[in-house]
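Residue strings, one per chain:
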Amino acid sequence: MEIKLTLNGKAVTAHIEADTLLLDFVRARGCLSVKRGCETENCGLCTVLLDGKPILSCATLAARAAGHHVQTLEGLQEEAADFVGFIADQGAEQCGFCNPGFVMNTIALLRENPDPTDDEIRAYLAGNLCRCSGYEGQLRGIRAYLDSKKEG
Amino acid sequence: MLTIREYVRAKSLEEAYALAQKRNNVVLGGMGWLNLQKRNVGTAIDLCDLGLDAIEETETDYRVGAMVSLRAFEQHQGLQTLSQGAIAESLKGIVGVQFRNSATVGGSVYARFGFSDVTTILMALEAKVELYKAGVLTMEEFAALPRTQRDILVRIIIPKVRRSICYLSQRNTKTDIPVLTCAVVHREGETFAVVGACPRPAAIYPDGGVLAEGITEETARAFGGKVAAEAVFGSNSRSGADYRRKVAAVLVRRAALALKEQEG
Amino acid sequence: MENKHVSAAVRKKDAMQLLLGKPAFMEDVTPADALVVKVLRSPHAHALIEEINTDLAKKVEGIVAVYTYKDVPQRRFTLAGQTSPEPSPWDRLILDRRVRYVGDGVAIVAGETEKAVNTALRRIKVKYTVLEPVLDMHTALDHPVLVHPEEDWVSVIPVGADNKRNLVAQETTSDGDVEAVMADCDLTFTRTYHTKACQQAMMETFRTYTELDPYGRLHVVSSTQIVFHLRRIIANALDIPQSKVRVEKPRIGGGFGAKQTSVAEVYPAFVTWKTGRAARMVFSRAECQTSGCPRHEMEMTVKIGAMKDGHIRCIDLHTLSNTGAYSEHGPTTVGLSGHKSIPLYTGGLEAFRFSYDVVYTNVQAAGAYRGYGATQGIFAVESAVNELAEMLEMDPVALREKNILREGMVMPAYYGEKANACALDRCLTRAKEIFGWEEKWPVRDMGNGKVRSAGVAMAMQGSCISNVDIGSATVRLQEDGTYTLSIGAADMGTGCDTILSQIMAECMGCKLEDIAVFGADTDSSPYDSGSYASSTTYVTGKAVEKACTQLKANLCAIGAQMLGCTVEEVEFASTSVRKKDGSAEVSLADVANKTTIGNNTSAQVTATHCSPVSPPPYMVGMVEIELDKETGSVEVLDYKAVVDCGTPINPHLARIQAEGGIVQGIGMALSENVTYDEKGRITENNFFQYKIPTRLDMGKLQVEFEASYEPTGPFGAKSIGEVVINTPSPAIAQAVARATGVWHRTLPITPEKVLMGMEEA
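Residues numbered from 1 in each chain as written. Chains lettered and ligands numbered in written order. Predicted model: local features only at pLDDT ≥ 70, side-chain atom pairs only at ≥ 80, totals over all residues. Heavy atoms only, no water.

Some remarks on the domain arrangement of chain C
Residue and element names in this part refer to chain C.
And step 1. Taken domain by domain, chain C holds domain 1 (35-131 + 206-282), domain 2 (297-463 + 614-760) and domain 3 (465-609).
And step 2. Relative placement of domain 1 and domain 2: their C-alpha centres are 36 Å apart.
And step 3. Taken residue by residue, the interface counts 22 residues in domain 1 and 23 residues in domain 2.
And step 4. Summing both sides of the interface, domain 1 and domain 2 together bury roughly 1,700 Å²; the carbon and sulfur share of this comes to 52%.
And step 5. Its largest share of buried area at the contact with domain 2, domain 1 owes to Asp91, Tyr101 and Phe256, together 31% of the area lost on that side.
And step 6. Where domain 1 packs against domain 2, one counts one salt bridge.
And step 7. Between Glu328 and Arg92 there is a salt bridge whose closest N-O contact spans 2.9 Å.
And step 8. At the surface where domain 1 touches domain 2, the tally comes to 14 residue pairs in polar contact (both at pLDDT 80 or more).
And step 9. Class assignment of the residues belonging to the side of domain 1 that touches domain 2 gives a composition of nine nonpolar, eight polar and five charged. (Domains from an automatic or database assignment. Contact = heavy atoms within 4.5 Å. Buried area = accessible area lost by both parts, 1.4 Å probe. Salt bridge = Lys/Arg side-chain N within 4 Å of Asp/Glu carboxyl O. Polar contact = N/O pair within 3.5 Å; in protein donor to acceptor, adjacent residues only side chain to side chain. Nonpolar A, V, L, I, M, F, W, Y, C, P; charged D, E, K, R; others polar.)

This is the structure:
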């Protein structure tokens, strides 16, 4: 079947199978930041924005995204660059495999709630697993970013 | 491994209904947990173009479209007020924000998962299920429908009734599926509990007069004991039946006492 | 002299690229049009393949090859990434006629698309003779059913293995007269503890790409911690010379030891070698959980002999370890259960005994997982010491202070090594302070059924495999005065590329950004055993130091020639080579340029290091929990840890190692379960069932360091990677016991076990 959608601001027309997952669709179009970490919607590595909302691309048919706006980290480099340095300053990126999903969902969090408490950060990012960092450094990084904005 | 041969965005409920009659066709909800199934789907029927992603308020009800996401459901101001935050409390442990942005209220109800927080809270809110053909049913009536009856879930209707409600769940980890779900509701002098994830689907347990004298430490305990004695519990990988029975008594008691607090 | 780069909390060199999601991992950097490789897996725990028909599978459009046990080389090998000859017996074929666990390989399918391969997998017809499986590790030894009855099974190193007894390793070591000391103690008691086959659960599953290079050699791009061992394993498996194999690793999406075993590589390698086509295999999460290489399930029986005043005089530990269907890391992990738990009490011990049996069973083969046996042993010994504290009505910290290992002591239970650098006592003191032990140790009733309580545990690990594993580094001065650092160790997110660069920058006196670091590729990296056994900073770091010393000498020689003097008259001064009397110098840029013109002195040096000792890092962890006595729920509120890793080369990265390890440990303690049904199938076969901690499940963490100076390590460094996972289980078990009066000796401690345990008590 043929679908049309907007991927990182660019109009895309593509032939897909009915069961092509959005995750595989965007990876096949060069959005390699999007990762698969499980098959059970538990890890959050495949997070993309669909019409601005964070969703799991592993559990979304590409067909359903037809007519919608899909954004991956490839399309949000500047918004990400604004805060990821603070994560790097903690060393909390570690292996990096979960980073894109985590960064995407953090972008969504900060758009929705620009001044979250620590508990709000934990709750919003609960669906993003990380096995390396122990999460605390990610939290410190986000907190440092938020503090720097207040000071700046 | 899930395979799908065709994908159709239904143009009308009638079209969706007609397609859904074939056994290997499936109506898509949010697709959450769909990957867990190993099946070959003929046609995946998507309701996303039917305007079912809205929450409408009438004089008497909130009408929650089948395609409303769990996230939109938990964030809706009116429903939050109506449920005193119990809806958000019931959904916060479901995986994560991204999952709840995809998962739909209709899909969660239609799947009739034994472990459903959504079913439990909707029963507590005395929600009704509107099916395209079968019409409006109570949650219990819907649960009792044979799975072979392939209807289309159109919306959930939540009556605007003044009530106090408290939702509690027991989970092995914070975002795991529940070992037990529980809501206690006080409305117009009546109190009842809903207990689910037993791991059977949720059911309603009236207080049967146990709380007639009001909610006290003793009567709440008696209510918990009564529900735990009446409900049927089973075992699965997350816990055994005995544990669920004990926790049911505790959660019902705590929720009842919390209601008393809320009501002051 | 103040260090400039060592002990600096700099960013990881690859941090920004990773955080911005740039292509870095195997699936990102290899061609997507490679053949898709998948393995048909056994539904039986133990069976013989009577017939296997692949005709229908081969006819599926897009299928390129289907292989069975009839097609593979008949020479046994091991998938364990260990220095050769491996202690793990050679008990594997790429595919075997006998399948030994649910998930064992039955056939390899390679095709153009995933769909074609999935279809073909369904069309392979297998007729099995189902055999009785050995599913209980307690009855495995000398069981009438043998997991490996084959005659060509080989144990190369004498580890006490005997395949005719389902035995993979057996040993007893001791010091002092155990019976006599026990008999003389005021108090002796015995307890048995049980830990499960927990999963590393790194976010990137096992995955490998293989192709033939322009020379017709097998080029392997794999998510691995062990490029050189992998080259040998693949060469052995395919029965080809190592010169025909090149292995490189891209960025790795986490390892934790999982990728110290060649779990995925042999399958696509075999396909590429047979077909000449590029191939790619990506494990699903379910495959990772059921056909991976988890922690060894262990049951440990600890006997402690002590005096009423808290003097611990004797520890007798027996470990039964379950290696599963294959031997990977079986003979070696078990040793750590005793050798890295008992020495913590060197201060008081007069005698110890440590014995073990490692058995084959028909479940998923175990492997290497952070902590590598020490985690299991420390859960047992630390729990037993905590139980002793309860019996003696002593504060467990005070009990430890009486008995612990202190700097300068010789450790009979640790191969007679001397603790040259040991701040364990200071860790204990500092942990008490920052945790607020005095306030938190008493159990506090919070109302509504909730109580708060605390627990403590200590841990140690090693810093390498002494006298065995080696690290190497190649350092080179570039034409423009910048450097390259080439290593065979594998940065799996830990930051070793950066840490080793920091060591080099310190040695050469250059800027960190002037070092380009590269690793690892068997064609271009110097030989390194790989990144495991906590060794990279300690061993490869020392190799970097050695290489820099030699490079400086070479550059001095070139500089002296340019200055027209003897090498004795000059010194290396970071940006120049100068005469010691200050009368003349040549800039490093000029020396660098000279290295490329008419020069016979190498500006590239490779150094290798192997350590005769393995200095332990130490740690103290303290946990505060809130336990719901009516539901059994345990919530970790606060985890404080103090670590002695020698000199932390990069304090931020060391801290993250500690925090990540603690959270993995919390998962092991509370939620990560592995159970089998009656057929030997694993229930927790995906992340829906196997619950690793989310950020809502771990409370608040705080990690501090108590530095010691290890004379044999680079700039005083020891290791940190593994020790950090060891304290949560015993500390949490103690906190639960304080709150409920029940000691949980089998992990994980689930809410159901807590509540039902209280009912029974």
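The structure having been displayed, the exposition proceeds.
A few points about the nonpolar core
And step 1. In terms of nonpolar packing, the biggest core is built from 192 residues, with C:Ile94, C:Ile108 and C:Ile304 touching the most fellow members.
And step 2. The leading source of residues in this core is helix H10 (residues 374-392) of chain C, at ten residues.
And step 3. In this structure C:Ile94 touches C:Val72, C:Pro73, C:Phe77, C:Ile108, C:Ala237, C:Leu238, C:Val266, C:Tyr267 and C:Phe270, once residues within four positions along its chain are discounted.
And step 4. Among the nonpolar cores identified, the runner-up in size contains 87 residues, and A:Leu21, B:Leu50, B:Leu125 and B:Leu145 belong to it. (Core = buried A, V, L, I, M, F, W, Y, C linked by side-chain atoms within 4.5 Å. Buried < 20%, exposed > 50% of the residue type's maximum accessible area, 1.4 Å probe, protein only. Helix = DSSP H or I, 4+ residues; strand = E, 2+ residues; numbered from the N terminus.)

Observations concerning the pattern of salt bridges
And step 1. Enumeration according to the criterion identifies 85 salt bridges over all chains in this entry.
And step 2. Salt-bridge contacts for B:Arg100 lead to B:Glu74; the nearest nitrogen and oxygen are separated by 2.6 Å. Of the two residues, B:Arg100 sits in helix H5 (residues 97-102) while B:Glu74 sits in helix H2 (residues 70-75), which places them 26 residues apart along the sequence.
And step 3. On the basis of relative accessibility, which here comes to 5%, the residue B:Arg100 falls in the buried class.
And step 4. Close ionic contact of C:Arg251 with C:Asp14 constitutes a salt bridge, the shortest N to O distance being 2.5 Å.

Digging into the interface of chain C and chain A
By a frequent convention, interface size equals the accessible area lost on bringing the separate parts together.
And step 1. On the chain A side, the residues contacting the 56 residues of chain C number 52 residues.
And step 2. Here chain C meets chain A over a buried area of about 4,200 Å², counting both sides, of which 57% is carbon and sulfur.
And step 3. In terms of surface lost to chain A, no three residues of chain C exceed C:Leu19, C:Met203 and C:Arg695, which account for 22% of the buried area on that side.
And step 4. Where chain C touches chain A, the interface holds eight salt bridges.
And step 5. With a shortest N-O distance of 2.7 Å, C:Arg11 and A:Asp89 are connected by a salt bridge.
And step 6. At the boundary of chain C with chain A, the tally comes to 25 residue pairs in polar contact (both at pLDDT 80 or more).
And step 7. Elements that contribute at least two residues to the side of chain C that touches chain A include exactly helix H1 (15-19), helix H2 (26-29), helix H8 (285-290), helix H17 (651-670) and strand E29 (700-705) of chain C.
And step 8. The biggest single contributor to the side of chain C that touches chain A is H17(C), with nine residues.
And step 9. Each residue belonging to the side of chain C that touches chain A can be placed in one class, and the counts come to 26 nonpolar, 15 polar and 15 charged.

Things to note about the pairing of strand E18 (residues 444-447) of chain C
Residue and element names in this part refer to chain C.
And step 1. In this structure, E18 lies alongside strand E19 (residues 450-460), joined through three bridges in antiparallel fashion. Looking at E19, one finds that Gly447 is bridged to Lys450.
And step 2. Counting the residues in the hairpin turn of E18 and E19 gives two residues, including Asn448, whose phi is positive at 55 degrees. (Pairing = 2+ DSSP bridges.)

Here we look at the environment of C:Met504
Residues and elements named next belong to chain C.
And step 1. Relative to the assigned elements, Met504 resides in helix H14 (residues 496-508).
And step 2. Considered as a pair, Met504 and Lys542 are 38 residues apart in the sequence and their alpha carbons are 9.9 Å apart.
And step 3. With near-sequence residues (within four places) excluded, Met504 lies in contact with Val475, Tyr483, Thr484, Leu485, Gly509, Ile515, Val544 and Cys548.

Here's the deal with the confidence of the model for chain C
And step 1. Per-residue pLDDT for chain C has a mean of 97; in total, 100% of the residues score no lower than 70.
And step 2. Overall fold confidence for the complex sits at a pTM of 0.98, while the interface term, ipTM, reaches 0.99. (pLDDT = per-residue confidence, 0-100.)

Structural notes on the interface of chain A and chain B
And step 1. Opposite the 29 residues of chain A that make contact, chain B presents 29 residues.
And step 2. Counting the surface lost from both chain A and chain B, the interface buries some 2,100 Å², and carbon and sulfur atoms represent 52% of this.
And step 3. Interface area lost by chain A to chain B is led by A:Glu41, A:Leu61 and A:Arg64, which between them contribute 30%.
And step 4. Our count for the chain A to chain B interface comes out at two salt bridges.
And step 5. Counting across the interface, chain A meets chain B through twelve residue pairs in polar contact (both at pLDDT 80 or more).
And step 6. For the side of chain A that touches chain B, the secondary-structure elements that each account for two or more residues are strand E4 (53-56), helix H3 (99-112) and helix H4 (118-124) of chain A.
And step 7. The dominant element in the side of chain A that touches chain B, judged by the number of residues it contributes, is E4(A), at four residues.

Considering the domain arrangement of chain B
All names here are of chain B.
And step 1. Domain parsing of chain B yields domain 1 (2-46), domain 2 (55-159) and domain 3 (164-263).
And step 2. Using C-alpha coordinates to define each centre, domain 2 is positioned 20 Å away from domain 3.
And step 3. At the interface, 20 residues of domain 2 touch 26 residues of domain 3.
And step 4. For the pairing of domain 2 and domain 3, the buried interface totals around 1,700 Å² over both sides, and the portion due to carbon and sulfur atoms is 61%.
And step 5. Taken as a group, Phe115, Thr120 and Met123 account for 28% of the area that domain 2 buries against domain 3, more than any other trio of residues on that side.
And step 6. Applying the counting rule to domain 2 against domain 3 returns two salt bridges.
And step 7. Note that Arg187 is salt-bridged to Glu126, the shortest N-O span being 2.5 Å.
And step 8. The interface formed by domain 2 and domain 3 holds six residue pairs in polar contact (both at pLDDT 80 or more) in total.
And step 9. Looking at the side of domain 2 that touches domain 3, the elements that each hand over two or more residues are helix H4 (86-91) and helix H7 (117-124).

Thoughts on the packing of helix H6 (residues 227-238) of chain C against helix H7 (residues 266-275) of chain C
All names here are of chain C.
And step 1. Relative orientation of the contacting elements H6 and H7 amounts to 55 degrees, with a least axis distance of 10 Å. Taken together, the axis directions place H6 and H7 in an arrangement best described as oblique. Note on packing geometry: the crossing formed by H6 with H7 is right-handed. Of H7, the residues touching H6 (which contributes Ile234, Ala237 and Leu238) are Val266, Ala269, Phe270 and Trp273.
And step 2. A per-class count over the contact of H6 with H7 returns seven nonpolar, no polar and no charged. (Axes fitted to C-alpha atoms, helices over the stretch in contact; angles between N-to-C directions. Parallel < 35°, antiparallel > 145°, perpendicular 65-115°, else oblique. Left-handed = near helix turned anticlockwise from the far one by under 90°.)

Some thoughts on the sheet that holds E18(C)
All names here are of chain C.
And step 1. Read from one edge of the open sheet, five strands run E18-E19-E27-E28-E29, paired in mixed fashion. Where the open sheet ends on each side, the last strands, each with one partner, are E18 and E29. The mean angle between the axes of side-by-side strands here comes to 20 degrees, regardless of whether they run parallel or antiparallel.
And step 2. Alignment of E19 against strand E27 (residues 618-628), held across eleven bridges, turns out to be antiparallel. Residue pairing for E27: Ala459 is matched across the bridge by Met619.
And step 3. Helix H11 (residues 396-403) rests against E19 and E27 of the sheet, and its axis sits at about 15 degrees to E19.

Observations regarding the side chain of A:Arg131
And step 1. The topology assignment puts A:Arg131 in the loop between H4 and helix H5 (136-151).
And step 2. Separated by 3.2 Å, the side chains of A:Arg131 and C:Tyr369 make a polar contact.
And step 3. A distance of 2.8 Å separates the side chain of A:Arg131 from the side chain of C:Glu672, its partner in a polar contact.
And step 4. Non-local contacts of A:Arg131, meaning those with residues more than four positions away in its chain, are made with C:Gln199, C:Gln200, C:Ala201, C:Met202, C:Met203, C:Phe256, C:Tyr369, C:Gln664, C:Glu672, C:Tyr690, C:Ile692 and C:Pro693.

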